[in-house]
Amino acid sequence: MAMYDRFAFIYDRLMSDIPYAKYAEWVQKEAPTSAGTKLIDIGCGTGVLSVQFAQAGYEVLGVDLSEAMLTIAQNRSDENNTSISFICQSMVELDGVEEMDVAVIAIDSLNYLNTLEEVEQTFHHIFRSLVKGGQLFFDVHSLYKMDVIYPDGPFTYEDDQVAYIWNTELGEDHHSIYHDITFFVRDDTKYYERFEETHYQRTFPVEKYENLLKKVGFSSVFVSTSIFEEQSKEEVERFFIHAVK
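These numbers were taken from a predicted model, which means no experiment stands behind them. (Residues numbered from 1 in each chain as written. Predicted model: local features only at pLDDT ≥ 70, side-chain atom pairs only at ≥ 80, totals over all residues. Heavy atoms only, no water.)

**Looking at the overall build of the protein chain**
Put simply, the rule is: Note on conventions: DSSP H or I runs of at least 4 residues are helices, E runs of at least 2 residues are strands, and numbering of each starts at the N terminus. Just to be clear, the radius of gyration here is over C-alpha atoms, and the globule rule we use is 2.2 Å times residues to the power 0.38. Any residue under 20% of the maximum accessible area for its type is buried, any over 50% is exposed, and the rest in between are partly exposed; the area is computed with a 1.4 Å probe on protein chains only. Any two residues whose heavy atoms approach within 4.5 Å are treated as being in contact. Methods summary: accessible areas were calculated by the Shrake-Rupley approach with a probe of 1.4 Å, and residue burial reflects only the protein chains presented. Positive charges are assigned to Lys and Arg, negative charges to Asp and Glu, while His and the chain termini are left out of the count. Taken as the charge location is NZ of Lys, CZ of Arg, CG of Asp or CD of Glu.
Within the protein chain one finds 7 helices and 11 strands. In terms of overall dimensions, the protein chain is globule-like: its C-alpha atoms have a radius of gyration of 18 Å, near the 18 Å expected for 245 residues. Over its C-alpha atoms, taken along the principal directions, the protein chain stretches across nearly 55 × 45 × 30 Å. Looking at the protein chain as a whole, 50% of its 245 residues qualify as buried. Across the protein chain, contacts joining residues at least 24 apart in sequence account for 65% of those joining residues at least 6 apart. Counting only carbon and sulfur atoms, one obtains 47% of the accessible surface of the protein chain, whose full area is about 12,200 Å². A distance of 4 Å separates the average location of the 19 positive side-chain charges in the protein chain from that of its 42 negative side-chain charges.

Following this line, the structure appears as structure tokens:
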């Protein structure tokens, strides 16, 4: 995914407000680790959660479509003395992964899939990769966030190293959005390099995700809105979904 190649180098800075520890706690509470518990972190990005899971005792496999992200993830694993395997692969075409106890698709990674068919295919591959009783954890944007919050741009950010202007535009599909982000990154000579990224995300009614999970064979599906913090029913921005094979 070429759009991430340069973005990878500032990704961690821009995601610094994400409460990764709460995400890890959610998974650990529902799927406690024991000797040999295998976890696949799908859309692992720069490996922040992968390392946290490894430190908690899981045997971790990180999967991402960006070589640049995975390079940073591998360096992070080495720096933290964790033994994590990483593979470059699309979640839609997940292959060669078997006997996993836990699967995670964190921080709206699933929203980069454009069709329900791709979502279903991803769920199917994950279901096949899990042992009986294996568990899947993921989160997705709500319709409210996609249709109301995101179009209320532009959004801006600035610190001593990075600044950006983030414009949003509704996509052609229902509940989709284009993110057009212009970055200004300060280099060692104190000049700013400008570059641009365009990202496209789409979400679906939470019931669609529930139905697809059951269709591919998951026996139980649980939906929460309070893993990070309590959200009002009228203004839910993110759903957290837990499914058991």
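**Section: the sheet that holds strand β7 (residues 162–170)**
Counted only if it meets this: At least two DSSP bridges between two strands are required for those strands to pair. Each axis is a line fitted through C-alpha atoms, taken for helices only over the stretch in contact, and angles between the N-to-C directions span 0 to 180 degrees.
An order of β6-β7-β8-β9 is seen for the 4 strands of this open sheet, with the pairing classed as antiparallel. Across the chains shown, the open sheet's two edge strands, defined by having one partner strand only, are β6 (155–158) and β9 (192–202). Pairs of neighbouring strands in the sheet enclose a mean axial angle of 15°, with direction left out of account. One ladder, built from 4 bridges, connects β6 with β7; its direction is antiparallel. Bridging across to β7, Thr156 finds its partner in Ile165.

**With respect to helix α3 (residues 48–56)**
All of the buried residues in α3 are Val48, Leu49, Ser50, Val51, Phe53 and Ala54. Residue Gly57 follows α3 closely and has a positive phi angle near 115°.

**Let's talk about the side chain of Gln201**
The condition is simple: Whenever two N or O atoms come within 3.5 Å, that pair is a polar contact, provided that in protein one can donate a hydrogen and the other can accept it, and provided that, for residues adjacent in sequence, both atoms are side-chain atoms.
By secondary structure assignment, the location of Gln201 is in strand β9. Within the structure, the side chain of Gln201 is placed 2.9 Å from the side chain of Asp108, a separation counted as a polar contact. Here the side chain of Gln201 touches His179 through a polar contact of 3.1 Å, side chain to side chain. Not counting residues within four places of it along the chain, the set of residues in contact with Gln201 comprises Asp108, Asn111, Tyr112, His141, Met146, Tyr150, His175, Ser176, Ile177 and His179.

**Overview of the side chain of Ser109**
Examined against the element boundaries, Ser109 turns out to sit in the loop between β4 (100–105) and α5 (116–129). Ignoring any residue separated from it by four or fewer positions in sequence, one finds Ser109 in contact with Ile42, Gly43 and Met91.

**Side note on the packing of α5 against helix α7 (residues 206–216)**
The line we're drawing: For classification purposes, angles smaller than 35 degrees are called roughly parallel, those larger than 145 roughly antiparallel, those between 65 and 115 roughly perpendicular, and all remaining angles oblique. We call a crossing left-handed when the near helix sits turned anticlockwise from the far one by less than a right angle, and right-handed when that turn is clockwise. Polarity classes work like this: nonpolar for Ala, Val, Leu, Ile, Met, Phe, Trp, Tyr, Cys and Pro, charged for Asp, Glu, Lys and Arg, and polar for all others, with Gly in that last group.
It is at 9 Å that the axes of α5 and α7 come closest, and there the two elements cross at 45°. If you check the angle between α5 and α7, you find them oblique. Judged by the sense of rotation from one axis to the other, the crossing of α5 with α7 is right-handed. Contacts between α5 and α7 involve Leu116, Val119, Glu120, Phe123, His124 and Phe127 on the former and, on the latter, Lys208, Tyr209, Leu212, Leu213, Lys215 and Val216. Tallied by class, residues from the contact of α5 with α7 come to 8 nonpolar, 1 polar and 3 charged.

**Looking at the packing of helix α2 (residues 20–30) against α3**
Following both chains from N to C, one finds α2 and α3 inclined at 45°, their axes separated by 10 Å at the closest point. Our classification of the angle between α2 and α3 gives oblique. Considering how the two elements wind past one another, α2 and α3 form a crossing that is right-handed. Contacts between α2 and α3 involve Tyr20, Ala21, Tyr23, Ala24, Val27 and Gln28 from the former and Val48, Leu49, Gln52, Phe53 and Ala56 from the latter.

**What to know about the pairing of strand β11 (residues 238–244)**
Burial of β11 is extensive: 7 of the 7 residues sit out of reach of the surface. Both faces of β11 are covered, namely the face carrying Arg238, Phe240, His242 and Val244 and the face carrying Phe239, Ile241 and Ala243. Examined bridge by bridge, strand β5 (residues 130–141) and β11 share 7 bridges and lie antiparallel to one another. Paired with Phe137 across the strands is His242, a residue of β11. Relative to β11, strand β10 (residues 220–224) runs antiparallel, the two sharing 5 bridges. When the sheet's bridge partners are listed, Phe222 is paired in β11 with His242.

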